[in-house]
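Coordinate inspection notes
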Amino acid sequence: MLNVHRDICGYCGCCVSVCPEGALELIDAYLSVEQNCTSCGICAKVCPLGALEVANEKPI
Ligand code: SF4
Ligand code: SF4
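Every value quoted in this text rests on a predicted model; they were computed, and no experiment measured them. (Residues numbered from 1 in each chain as written. Chains lettered and ligands numbered in written order. Predicted model: local features only at pLDDT ≥ 70, side-chain atom pairs only at ≥ 80, totals over all residues. Heavy atoms only, no water.)

A few words now on the site of ligand 2. Taken together, 13 residues are adjacent to ligand 2, and Cys9, Gly10, Cys12, Cys15 and Cys47 come closest. With respect to the pocket detection grid, ligand 2 is positioned in the second largest cavity. (Near = heavy atom within 4 Å. 1 Å grid on protein atoms, 1.4 Å probe; cavity = no way out; pocket = protein on both sides within 12 Å on 5 of 7 lines; lining within 4 Å. Sits in = over half its atoms within 2 Å of the grid points.)

So, on to the side chain of Ser39. By the element assignment, Ser39 lies in the loop between β3 (30-33) and α2 (42-46). Overall, Ser39 belongs to the buried group, its relative accessible area being 10%. Of the polar contacts made by the side chain of Ser39, one reaches the backbone nitrogen of Met1; its length is 2.6 Å. (Helix = DSSP H or I, 4+ residues; strand = E, 2+ residues; numbered from the N terminus. Buried < 20%, exposed > 50% of the residue type's maximum accessible area, 1.4 Å probe, protein only. Polar contact = N/O pair within 3.5 Å; in protein donor to acceptor, adjacent residues only side chain to side chain.)

Attention now moves to the site of ligand 1. With respect to spatial proximity, the complete set of residues near ligand 1 consists of Leu2, Cys19, Pro20, Glu21, Leu24, Cys37, Thr38, Ser39, Cys40, Gly41 and Cys43. The cavity that encloses ligand 1 is the largest cavity. Tallied by class, the residues present in the shell around ligand 1 amount to 7 nonpolar, 3 polar and 1 charged. (Nonpolar A, V, L, I, M, F, W, Y, C, P; charged D, E, K, R; others polar.)

Listed below in structure tokens is the structure:
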């Protein structure tokens, strides 16, 4: 499960472009996470602000 800290997110869009599932979408100032998110944690690693957090991250 991916948690988005919306108070921290700066809407840069970095996470959207790295998601292999295309599960993230930035609509104006709202980052949405679709159901097809696999909780891979890639987006959380690239977020420059640490606004994304995977609750059950799988070891790579
Ligand atoms: S955890 Fe992985 S699948 Fe889910 S939104 Fe982030 S990059 Fe995409
Ligand atoms: S990379 Fe981080 S700051 Fe940028 S849009 Fe995604 S969650 Fe927000």
